[in-house]
Amino acid sequence: MTEKKSKKWVVAAVIFAVLAVLPFLLPMFRVNLIGKYMCFAIIALGLDMIWGYTGIMSLGHGVYFGLGAYVMAMYLKLEASGGALPDFMTWSGFDSLPFWWVPFGNAGFAFAMVVVVPVVVAVVIGLLTFLNRIRGVYFTILSQALAMILSVLLIGCQQYTGGSNGLTDFDTLLGFSLDSGATKLALYYITLFALIAIFCLCTFLVGRRVGKILVAIRDSENRVRFTGYNTALFKVFVYALSAAIAGIAGALYVAQVGIITPSDVAVSGSIEMIIWVAIGGKGTLVGPILGALVVNGVKTFASESFPDLWSYGLGLVCVLVILFLPGGLMSIKDVPARIRAWRERRQGGAGLPASAELTEEGSQA
């Protein structure tokens, strides 16, 4: 194991250890918040696989997060209804459950669909775009449009999705009360386990040949294609993988937060996801986890302390990181070396003798 990889594992181990201990130190309200942040960290891992390692920037990843969340919410809503129609369907004039809602009353089916639905949509979108060599900014715009379309559809199909109010008022999960402290603690550690497992899976993939091919596609896709690889299929694979990861994050999110609305699927949420990866450090896996946790923690603290100014503070943090930490938070260790190099350049320029300055001026003239 190289020194760089060992440092990554050390940072990851510290983050996971801190997350494992926090429930013993914080009130349940804060524990629930951190559980939500871990869901965001899971999404950031999937985004790092497609953006940091493959060079595909998606501004519509909230779609797959929303699909996983809505699938889980459908199961939770049916369980809360106790066999009756969900309240929003009654208000819409339904007298029976739509046929495609019925299977989601089964927990096993719903849990499977949390992964299957996002993956199927991602494979269809990926085949239509990557086989036609749509990439770069064109794919980014397309993914953004996809998020806008799904958000509008969810609002427009109010009788099936709850409209702008979304799906909420959940009571139990597999018979366990969602208001119980024990259930909340169990969901927290399930989310932590999912985060660790997905981190290990992504680390395993990037260390194998498939990971090296993904990086090669990011650096020079044409060269990889000319060597005989079908780059479109690799991109579809990693895009579907990231969609599955986002779907899992969405399902864990809705179980802990208790609500999912079209605003969670909108473009603004997808842009925030990109910010987490950029601030943490794309192409590192552990960086996006750190970025998601830190950004959302700062966002919560700032919004509680400065409700009128927190958005400006968050924007300032983003600008400062981009300007002075181009590698994200994971490049903090390089700051002393950059400062020394800057000082050496300043001292070198200031220490030029007068004759050297005159010679330089003469050569420019």
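Cut-off values and rules
Residues numbered from 1 in each chain as written. Predicted model: local features only at pLDDT ≥ 70, side-chain atom pairs only at ≥ 80, totals over all residues. Heavy atoms only, no water. pLDDT = per-residue confidence, 0-100. Helix = DSSP H or I, 4+ residues; strand = E, 2+ residues; numbered from the N terminus. Contact = heavy atoms within 4.5 Å. Phe/Tyr/Trp six-rings, centres within 6.5 Å; stacked < 30°, edge-to-face > 60°. Buried < 20%, exposed > 50% of the residue type's maximum accessible area, 1.4 Å probe, protein only. Core = buried A, V, L, I, M, F, W, Y, C linked by side-chain atoms within 4.5 Å. Expected span 1.5 Å × (residues − 1). Arc of directions from axis to C-beta. Axes fitted to C-alpha atoms, helices over the stretch in contact; angles between N-to-C directions. Parallel < 35°, antiparallel > 145°, perpendicular 65-115°, else oblique. Left-handed = near helix turned anticlockwise from the far one by under 90°.

Trainee: Explain the confidence of the model for the protein here, please?
Mentor: In low-pLDDT segments, the atomic positions of the prediction should not be examined closely. Overall, the prediction assigns the protein a mean pLDDT of 86, with 93% of residues at 70 or greater. Ranking the elements of the protein by mean pLDDT puts helix H15 (residues 354–364) last with 43 and helix H10 (residues 231–257) first with 95. Between residues 354–365, whose pLDDT stays under 50, and residues either more than four places distant or in other chains, the model counts 2 contacts.

Trainee: Got a minute to help me understand the packing of aromatic side chains in this structure?
Mentor: Each aromatic ring pair is summarised here by two numbers: the centre-to-centre distance and the angle between the ring planes. Per the stated rule, a full pass over the model turns up 17 aromatic pairs. Aromatic side chains tyrosine 75 and phenylalanine 111 sit 5.8 Å apart centroid to centroid with 70° between the ring planes, which places their arrangement in the edge-to-face category. Here the residue tyrosine 75 occupies a position in helix H3 (residues 62–81), and phenylalanine 111 occupies one in helix H5 (residues 107–130), the gap between them amounting to 36 residues. Here phenylalanine 111 falls in the partly exposed class, since its relative accessible area comes to 32%. Ring geometry for tyrosine 229 and phenylalanine 234: centres 6.0 Å apart, planes at 75°, overall edge-to-face. Here the aromatic cluster, defined as three or more aromatic residues joined through ring pairs, consists of Phe88, Phe94, Trp100, Trp101 and Tyr160.

Trainee: What's the story with the nonpolar core in this structure? I'm lost.
Mentor: Within soluble globular proteins, side chains that are nonpolar tend to cluster in buried spots. Judged by nonpolar contacts, the single largest core of 103 residues is most densely connected at Leu19, Met49, Tyr64, Leu167, Leu195 and Ile289. In terms of residues, this core owes the most to one element, helix H2 (residues 28–52), which gives 16 residues. Every residue in contact with methionine 49, bar those within four places of it in the chain, is listed here: Thr54, Cys202, Leu205, Val206, Leu214, Val238, Leu241 and Leu285.

Trainee: What's the story with the side chain of serine 242 in this structure? I'm lost.
Mentor: Here serine 242 shows up in helix H10. If we skip the residues at most four places from it in the chain, serine 242 touches Gly46, Ile50 and His61.

Trainee: What's the story with helix H13 (residues 310–324) in this structure? I'm lost.
Mentor: For an α-helix, 3.6 residues make a turn, and residues three or four places apart therefore share a direction. Between the first and last C-alpha of H13 there are 21 Å, a value that for 15 residues agrees with the 21 Å anticipated at 1.5 Å per step. Among the residues of H13, Leu314, Cys318 and Val321 are the ones counted as buried. For H13, the angular spread of buried residues about the axis comes to 70°, placing them on one side. In H13, those exposed residues whose orientation departs by more than 90 degrees from the buried face are Tyr312, Leu316, Leu323 and Phe324. Buried positions along H13 lie against helix H11 (267–280) and helix H12 (286–305).

Trainee: Even after reading the chapter, I still don't get H3, so can you show me in this structure?
Mentor: In this model, H3 (20 residues) spans 27 Å end to end at C-alpha, consistent with the 28 Å of a helix rising 1.5 Å per residue. For H3, the tally of buried residues reaches 18 of 20 residues, placing the bulk of the element in the interior. Once H3 ends, the next one or two residues include glycine 82, with phi positive near 65°.

Trainee: Please clarify how the packing of H5 against H10 should be interpreted in this entry.
Mentor: Helix-helix packing is characterised by the crossing angle of the two axes and by the distance between the axes. For the pair H5 and H10, the least separation of the axes is 8 Å and the interaxial angle reads 150°. Overall, the two elements H5 and H10 adopt an arrangement that is roughly antiparallel. Seen from above, H5 lies across H10 with right-handed handedness. Between H5, through Val114, Val115, Pro118, Val119, Ala122, Val123, Ile125, Gly126, Leu127 and Phe130, and H10, the contact on the second element is made entirely by Ala232, Lys235, Val236, Tyr239, Ala240, Ala243, Ala244, Gly247, Ile248 and Ala251.

Trainee: Can you help me understand unusual backbone geometry in this one?
Mentor: Working note: non-glycine residues mostly have negative phi, and peptide bonds are mostly trans. At arginine 133, a residue that is not glycine, the phi angle is positive and equals roughly 60°. Of note, arginine 133 is situated in the loop between H5 and helix H6 (137–156). Residue arginine 133 is classed as exposed on the basis of its relative accessible area, which comes to 58%.

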